[in-house]
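Residue-level structure breakdown
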Number of protein chains: 2
Amino acid sequence: MIRIEDIAKKLDISKGTVSKALNGAPDVSETLRKTVLETAVELGYSRSMRKKGAKQLCIFVKNMTYTSPSDFGYDIIIGFRKMAEPAGYIVAVEELDDHIQNSTPYDEYMLKRNYVGALFLGLSLSDPWLHQFRTSQTPAVLFDNYVKVNPNTTYVGIDNNEGMNLAISYLKNQGHRKIGYLSGALGAYVNQVRYSAFFHSLRKYGLADDPGLGGNAYLFSECLQKHLPRLLKKGVTAIVCSHDLLAHTVMIHCQELGLRIPEDISIIGFDDLPFCAYTMPPMTTVQQNRTGIGKSAFYALDSLLGNIPISTLLLHAKLVVRQSSGPAPERLPRDILEDTLQAVD
Amino acid sequence: MIRIEDIAKKLDISKGTVSKALNGAPDVSETLRKTVLETAVELGYSRSMRKKGAKQLCIFVKNMTYTSPSDFGYDIIIGFRKMAEPAGYIVAVEELDDHIQNSTPYDEYMLKRNYVGALFLGLSLSDPWLHQFRTSQTPAVLFDNYVKVNPNTTYVGIDNNEGMNLAISYLKNQGHRKIGYLSGALGAYVNQVRYSAFFHSLRKYGLADDPGLGGNAYLFSECLQKHLPRLLKKGVTAIVCSHDLLAHTVMIHCQELGLRIPEDISIIGFDDLPFCAYTMPPMTTVQQNRTGIGKSAFYALDSLLGNIPISTLLLHAKLVVRQSSGPAPERLPRDILEDTLQAVD
């Protein structure tokens, strides 16, 4: 176990100075503090530090709303705190900006802020810290991001393959034979997983799995103007979307084009955000148990801190059937929209 | 929520009789008791029962030793109990025989024995209850077995893909280019996972992935007499085994053939059973954190009971490098054994 003495010895300064630097005392210069922190990380001090002092955890949030009960992140954070606070932890929530990630390595930042572990919500594959998680020393639980091999990180999420299977098998039972998929940008790990899960499900249930049945874009407008008409022309009678907001936009756009939901076309979302119960019609969607994810994320982080190296913790998905989906139509949407779709060309 | 009244009403008997039957009172006939239990299961009574009465869990064990600290199942059970008992549960351990599985459906057995949830160790794909887990109502955590979609079951184990990647990348770094794999029978889910993980790893690290580099059999003797000579003739310089006992047998057999370990051939096991530190030479193996598995299994079961539907909980694997593996030899084992291997033909 690395102690303060080891850092002091390595830097040839006193134990007291190291201690002051670690605790951010005002009479230690920022330059010296940085050197001490870097050396502490290099020696692996973050691991041993866990055992004493205040146990503070941080939930870092990026690309995700969380301040109101209707936001995706809200219930995850509530679930996490419900477990963490009775267990004696202090939980901070920080919005993670690129500046922090670019200026300070993850382990150093955690040590500096006196956090013993973190939950990350909404990281994308291009986030600088994500690459550091391959070798980082401070326990990190990543919602919807998978980092292999590092025993200090855990991937938490729902079983997206199961969720997609539930959606596709339900649609097949409703008589749909050609199903399309619209997705957000594949720069997010979870979008990649769902995208390949979609085609895997089509094959599993013996449906046409033409790659042209999928479309992805960062901008909703591109999904609507480019991919949606293309899928309709291919003869789809149902569309699954990578997340609820996109599904809702697709629903509205289909209605504007003149299609009835679910009579002419079925639309299914992913996540079950609170608003899904109130769309017109209410949306069928794959539910993520967000409170359960928050609770499980805490369990995983607490386990990492207790040297139980959890790699992956997935929750069962659930299909919530509402009114945006139903039996396959007798007349294809493309036949109903013949004139409109030609105009798009 | 289904109550005793509902069962009584359905069977047109009194609440008192239902209660007596559920509690195994001696003045209720076995026939009536069975009818009550079946009706209770049919109505989904097991779910509601959890909320009251003694909270008793059962660890069912099959095909696995667990009574001494050197047994595979021992630490899993200890880890489970360490968490479950302070949380107020009573934990029973039962050896699961085929007779029980064939005579009583899982949900009914659990209700009859007053167990609210179970952990299963050592089930194989042919176990009758395994098929029932697709739709069973009583929470079940399955070590090394994956049952899709049912929100009442969880798969717990280590990340076998990660473990295999650690073994193969280590061997590649040691200069090995042709690696073989010997496995127990593929009637066990975990053996199937590791078998395909092996070939996946070979491809991942750019090594030859000829299907002939793998061999599996129920009997060790078949692995030794049929597959091992075949792999050696193919020119392997290292062999990974699906579990430690097989690896140990392969080590001894290679030594009997005249190969030095690790100078002439490297052998790697899977599991890190306590004996691995004492083989000659001590065995390199992929470690399963068994206490951690036991603790995590309890967490998963407790979560299922609390309606957090955990689907999958995997622990990080760890490669423990001892002396049964080392740099690739300059001379291939097959060249050292030329005469012996010809005699096998």
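Residues numbered from 1 in each chain as written. Chains lettered and ligands numbered in written order. Predicted model: local features only at pLDDT ≥ 70, side-chain atom pairs only at ≥ 80, totals over all residues. Heavy atoms only, no water.

1. Let's talk about unusual backbone geometry
As a reminder, the rule being used: Helix numbers and strand numbers start at the N terminus; a helix is a DSSP run of H or I with at least 4 residues, a strand a run of E with at least 2. Burial classes follow relative accessibility: with a 1.4 Å probe on protein chains only, a residue under 20% of its type's maximum area counts as buried, one over 50% as exposed, and anything between as partly exposed.
In the segment running from Ile261(A) into Pro262(A), the intervening peptide bond is cis, with an omega of 10°. Of note, the bond from Met280(B) into Pro281(B) is cis; its omega dihedral lies within 30 degrees of zero at -10°. Position of Pro281(B) among the secondary structure elements: in the loop between strand S9 (266-271) and strand S10 (284-287). Phi at Asp271(A) takes a positive value of approximately 125°, unusual for a residue other than glycine. You can see Asp271(A) is positioned in strand S9 (residues 266-271). Take Asp271(A): its relative accessible area is 9%, and that puts it in the buried class.

2. Things to note about the packing of helix H1 (residues 4-11) of chain B against helix H2 (residues 15-22) of chain B
Working note: a packed helix pair is described by the angle between its axes plus the distance between those axes. All names here are of chain B. Spelled out, the test is: In this description, a line fitted to the C-alpha atoms serves as the axis of each element, helices being fitted only across the stretch in contact, and the angle between N-to-C directions of two axes falls anywhere from 0 to 180 degrees. Just so you know how the angles are binned, under 35 degrees is roughly parallel, over 145 roughly antiparallel, 65 to 115 roughly perpendicular, and the rest oblique. Here a residue-residue contact requires only that any non-hydrogen atoms of the pair lie within 4.5 Å.
Taken N-terminus to C-terminus, the directions of H1 and H2 make an angle of 110°; their axes are 8 Å apart at the nearest point. In terms of orientation, H1 and H2 fall into the roughly perpendicular class. Together, Ile-4, Glu-5, Ile-7 and Ala-8 of H1 and Lys-15, Val-18, Ser-19 and Leu-22 of H2 make up the contact between the two elements.

3. A word on the interface of chain A and chain B
In plain terms, the rule: Summed over both partners, buried area is the accessible surface (1.4 Å probe) that two parts give up on being assembled. Salt bridge, as used here: a side-chain nitrogen of Lys or Arg that lies within 4 Å of a carboxyl oxygen of Asp or Glu. Identification of polar contacts relies on pairs of N or O atoms within 3.5 Å, with a donor-acceptor requirement for protein atoms, meaning one able to donate a hydrogen and the other able to accept it, and with residues adjacent in sequence counted only if both atoms are side-chain atoms.
Taken together, the contact pairs 25 residues of chain A with 25 residues of chain B. Both faces considered, chain A and chain B share a buried interface measuring about 2,100 Å² in area, 59% of it formed by carbon and sulfur atoms. Summed over the shared surface of chain A and chain B, the result is zero salt bridges. On inspection of chain A and its partner chain B, the count reaches 17 residue pairs in polar contact (both at pLDDT 80 or more). Going through the elements one at a time, helix H9 (160-173), helix H13 (290-305) and strand S11 (310-315) of chain A are the ones with two or more residues in the side of chain A that touches chain B. The element best represented in the side of chain A that touches chain B is S11(A), accounting for six residues.

4. Quick word on the domain arrangement of chain A
Residues and elements named next belong to chain A. Just so we agree on the cut-off: Residue ranges for the domains trace back to a domain assignment, done automatically or taken from a database. As a working rule, the residues Ala, Val, Leu, Ile, Met, Phe, Trp, Tyr, Cys and Pro are called nonpolar, Asp, Glu, Lys and Arg charged, and the rest polar, with Gly in that last group.
Annotation of chain A at the domain level lists domain 1 (51-157 + 293-315) and domain 2 (160-289 + 320-344). Here the C-alpha centre of domain 2 lies 32 Å away from the C-alpha centre of domain 1. The partner domain 2 presents 13 residues to the 13 residues of domain 1 that form the contact. Between domain 1 and domain 2, a total of about 1,000 Å² is buried, with carbon and sulfur atoms accounting for 57% of that surface. Summed over the three residues of domain 1 that lose the most area to domain 2, namely Phe-72, Leu-125 and Asp-144, the buried surface amounts to 48% of that side. Joining domain 1 to domain 2, the criterion identifies zero salt bridges. In this assembly, domain 1 and domain 2 are joined by two residue pairs in polar contact (both at pLDDT 80 or more). Classifying every residue of the side of domain 1 that touches domain 2 by side-chain character gives eight nonpolar, three polar and two charged.

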